[in-house]
There are 2 protein chains.
Amino acid sequence: MGRKSLKEPRQKEIIKAFYKIVKKEGLENASIQKIAESIQINPSLIMHYFRSREHLVYGLVEFILDRWLHIFDVKDAEDPMDALSAVLDNVFSKKWNSLFDDGTSYSLYSLAFRNKTIRQRYKHLLDTLRQRLAEMIAACNKTKQLTVKDPAAAADIIFVLVDGAYYYLSLVDDKAEYDRRLAVYKQHALKVLN
Amino acid sequence: MGRKSLKEPRQKEIIKAFYKIVKKEGLENASIQKIAESIQINPSLIMHYFRSREHLVYGLVEFILDRWLHIFDVKDAEDPMDALSAVLDNVFSKKWNSLFDDGTSYSLYSLAFRNKTIRQRYKHLLDTLRQRLAEMIAACNKTKQLTVKDPAAAADIIFVLVDGAYYYLSLVDDKAEYDRRLAVYKQHALKVLN
DNA sequence: AAATATATTGAACGTTCATTCAATATATTT
DNA sequence: AAATATATTGAATGAACGTTCAATATATTT
């Protein structure tokens, strides 16, 4: 009995508003009050749906990390090699930046050094990414299109390259240089598969 | 005339205290008051030596970034190959972690996405690191100990591997796994030089 | 219409924050 | 000892913060 719960959509709405402000003003400047103001609700309502700011941050972590998995959103190709190629295109392309804000991601990541929950969540995602890429490489092995000795190791190195690549690229303003370097890094990642 | 200036040592003292608190409690929780308390001075004194908290953060950025360069602190070997090897040992070793706190470094790095000064400072450091490594590789080329076609490109890839490696490794708790993975990443970096 | 569970508001709390400004203390020079 | 530049303190500011709690509003069920 009683009123229907709006928990899920409201939480998502709040997290999206949170994300928007974090993107613009930084995690440390994204206050409950600013979020509430931006979607014209009472700050207390945020406390109602999230017990504390800490839990709100957890919500944002989930939100951001889920987006990473979208790099695997490719058309179901019958050919596993096509699928793998498409995923690598996603990773080494502008799609990356359209998926989420790197500044926000690094801010949350830096919390992992002092917050066990966030740490585990990030670790889990990084492992999931590696595992899924490894599976795709293994599938290509099976069709003899690839002969990668250790798919898990290859996937690992590729993501190391990806993470390291964007660490530098995030600081590159010149678009031409950005693209040129990204291509080089992608080339190196592909070499791991041969 | 007048009293001798204590600017430099005082500033360094304050930054070190700042760093200590950031390491322990995070950048967002490291307040002027906490710093002042930790070294038993008046908060106003911090404002005297740094105009604002922002400038204090700049000071910490300098402090942290300067430490990166210590990876090049190796015994002056006559053999350029020995020197290069020693630097790579530094990068792929515990020395890395003893040099500075990764959590602090990532916190400051995340500011680069909204702060031009910090952004430029980080970019400059990353470029300097690459350039110096490239020079060392070139030196090995000259003595015919290496035949790396493009030393700059090789140095770039190596640091991409380094940055990506620690992005993952920072989340690894198990010491054995940490060491094992670090060795794998180092091996891959070495492969770039052949 | 009464009951009830959830949504939402609004006011208030105490705390901490960065920053300011004037006052005082302490060296160093003339 | 007078002058002076810098060091350091101490009090005060207003703003913003996360969080609380009680009150009210609104659906939904019986």
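Residues numbered from 1 in each chain as written. Chains lettered and ligands numbered in written order. Predicted model: local features only at pLDDT ≥ 70, side-chain atom pairs only at ≥ 80, totals over all residues. Heavy atoms only, no water.

Chemist: What's the story with the overall build of chain A in this structure? I'm lost.
Modeler: The number of helices and strands found in chain A is 10 helices and 0 strands. Judged by the C-alpha coordinates and their principal axes, chain A covers about 60 × 45 × 30 Å. Buried positions account for 49% of the 194 residues belonging to chain A. In chain A, the share of contacts with a sequence separation of at least 24, taken over all contacts with a separation of at least 6, comes to 67%. When the accessible surface of chain A is split by element, carbon and sulfur atoms take 51% of a total near 10100 Å². Positive and negative side-chain charges in chain A, numbering 31 and 25 respectively, have mean positions lying 4 Å apart. (Helix = DSSP H or I, 4+ residues; strand = E, 2+ residues; numbered from the N terminus. Buried < 20%, exposed > 50% of the residue type's maximum accessible area, 1.4 Å probe, protein only. Contact = heavy atoms within 4.5 Å. Areas by Shrake-Rupley, 256 points an atom, 1.4 Å probe, with all protein chains shown as cover. Lys, Arg positive; Asp, Glu negative; His and termini not counted. Charge placed at Lys NZ, Arg CZ, Asp CG, Glu CD.)

Chemist: What exactly am I supposed to notice about helix H5 (residues 80-91) of chain A here?
Modeler: An α-helical turn contains 3.6 residues, so a residue and the one three or four places further along point in the same direction. Residue and element names in this part refer to chain A. Here H5 is 12 residues long and its end C-alpha atoms lie 17 Å apart, about the 16 Å a rise of 1.5 Å per residue gives. Listed as buried for H5 are Pro80, Ala83, Leu84, Val87, Leu88, Asn90 and Val91. Looking straight down H5, one finds that the buried residues subtend no more than 155° of arc, so they occupy a single side. On its buried face, H5 sits against helix H6 (94-99), helix H8 (116-142), helix H9 (151-169) and helix H10 (175-191). (Expected span 1.5 Å × (residues − 1). Arc of directions from axis to C-beta.)

Chemist: Could you clarify how one ought to interpret the protein's contact with DNA strand D in this entry?
Modeler: Within the structure, DNA strand D sits among 26 residues, and Ser31 and Arg53 of chain A together with Leu6, Ser44 and His48 of chain B are positioned closest to it. For DNA strand D, the backbone portion of the atoms within 4 Å of the protein, that is sugar and phosphate, comes to 65%. One of the side-chain N or O atoms of Arg3 of chain A is found 3.4 Å from a sugar or linking oxygen in DNA strand D. Taking Asn42 of chain B, its main chain carries an N or O atom lying 3.0 Å from a phosphate oxygen of DNA strand D. The set of elements that each furnish at least two residues to the surface near DNA strand D consists of helix H2 (32-38) and helix H3 (43-49) of chain A together with helix H1 (7-25) and helix H3 (43-49) of chain B. Among the elements that line the surface near DNA strand D, the one with the most residues is H3 of chain B, at 4 residues. (Near = heavy atom within 4 Å. Polar contact = N/O pair within 3.5 Å; in protein donor to acceptor, adjacent residues only side chain to side chain.)

Chemist: Please explain the domain arrangement of chain A as it appears in this structure.
Modeler: The extent of an interface is frequently quoted as the accessible surface area lost upon association of the parts. Residues and elements named next belong to chain A. By the assigned domains, chain A splits into domain 1 (7-50) and domain 2 (69-191). Here the C-alpha centre of domain 2 lies 29 Å away from the C-alpha centre of domain 1. Where domain 1 abuts domain 2, roughly 390 Å² becomes buried across the two surfaces, and 71% of that area is made up of carbon and sulfur atoms. Contact with domain 2 buries surface across domain 1, with Tyr19, Lys23 and Leu27 losing the most and accounting together for 84% of the total. (Domains from an automatic or database assignment. Buried area = accessible area lost by both parts, 1.4 Å probe.)

Chemist: Even after reading the chapter, I still don't get the relation of the copies chain A and chain B, so can you show me in this structure?
Modeler: One copy of the chain maps onto the second through a rotation about an axis and a displacement along it. Rotating chain A by 180° and translating it 0.0 Å along the rotation axis places it on chain B, where the RMSD comes to 0.0 Å. In symmetry terms, the pair is related by a two-fold rotation axis. Scanning chain A for the C-alpha nearest the rotation axis identifies Gly164 of chain A, at a separation of 1.8 Å. Comparing interface residues between copies, 100% of those in chain A also lie at the interface in chain B; the contact surface is shared. (Least-squares fit on C-alpha atoms with pLDDT ≥ 70 in both.)

Chemist: What is the right way to look at the side chain of Arg119 of chain A in this model?
Modeler: If you trace the backbone, Arg119 of chain A turns up in helix H8. Classification of Arg119 of chain A as buried rests on a relative accessible area of 15%. Leave out the neighbours within four places in its chain, and Arg119 of chain A touches Ala112 and Phe113 of chain A together with Ser170, Leu171, Val172 and Asp173 of chain B.

Chemist: What's the story with the packing of helix H8 (residues 116-142) of chain B against helix H9 (residues 151-169) of chain B in this structure? I'm lost.
Modeler: Relative orientation and spacing of two packed helices are given, respectively, by the angle between their axes and the distance between those axes. All names here are of chain B. Contact pair H8 / H9: the axes reach a minimum separation of 8 Å and the direction vectors enclose 130°. Classified by the angle their axes make, H8 and H9 are oblique. As for the relative orientation of H8 and H9, their crossing is right-handed in sense. Residue-level inspection shows Leu129, Arg130, Leu133, Ala134, Ile137, Ala138 and Asn141 of H8 in contact with H9, the latter providing Pro151, Ala152, Ala154, Ala155, Asp156, Ile158, Phe159, Val160 and Asp163. Its residues placed into classes, the contact of H8 with H9 shows 12 nonpolar, 1 polar and 3 charged. (Axes fitted to C-alpha atoms, helices over the stretch in contact; angles between N-to-C directions. Parallel < 35°, antiparallel > 145°, perpendicular 65-115°, else oblique. Left-handed = near helix turned anticlockwise from the far one by under 90°. Nonpolar A, V, L, I, M, F, W, Y, C, P; charged D, E, K, R; others polar.)

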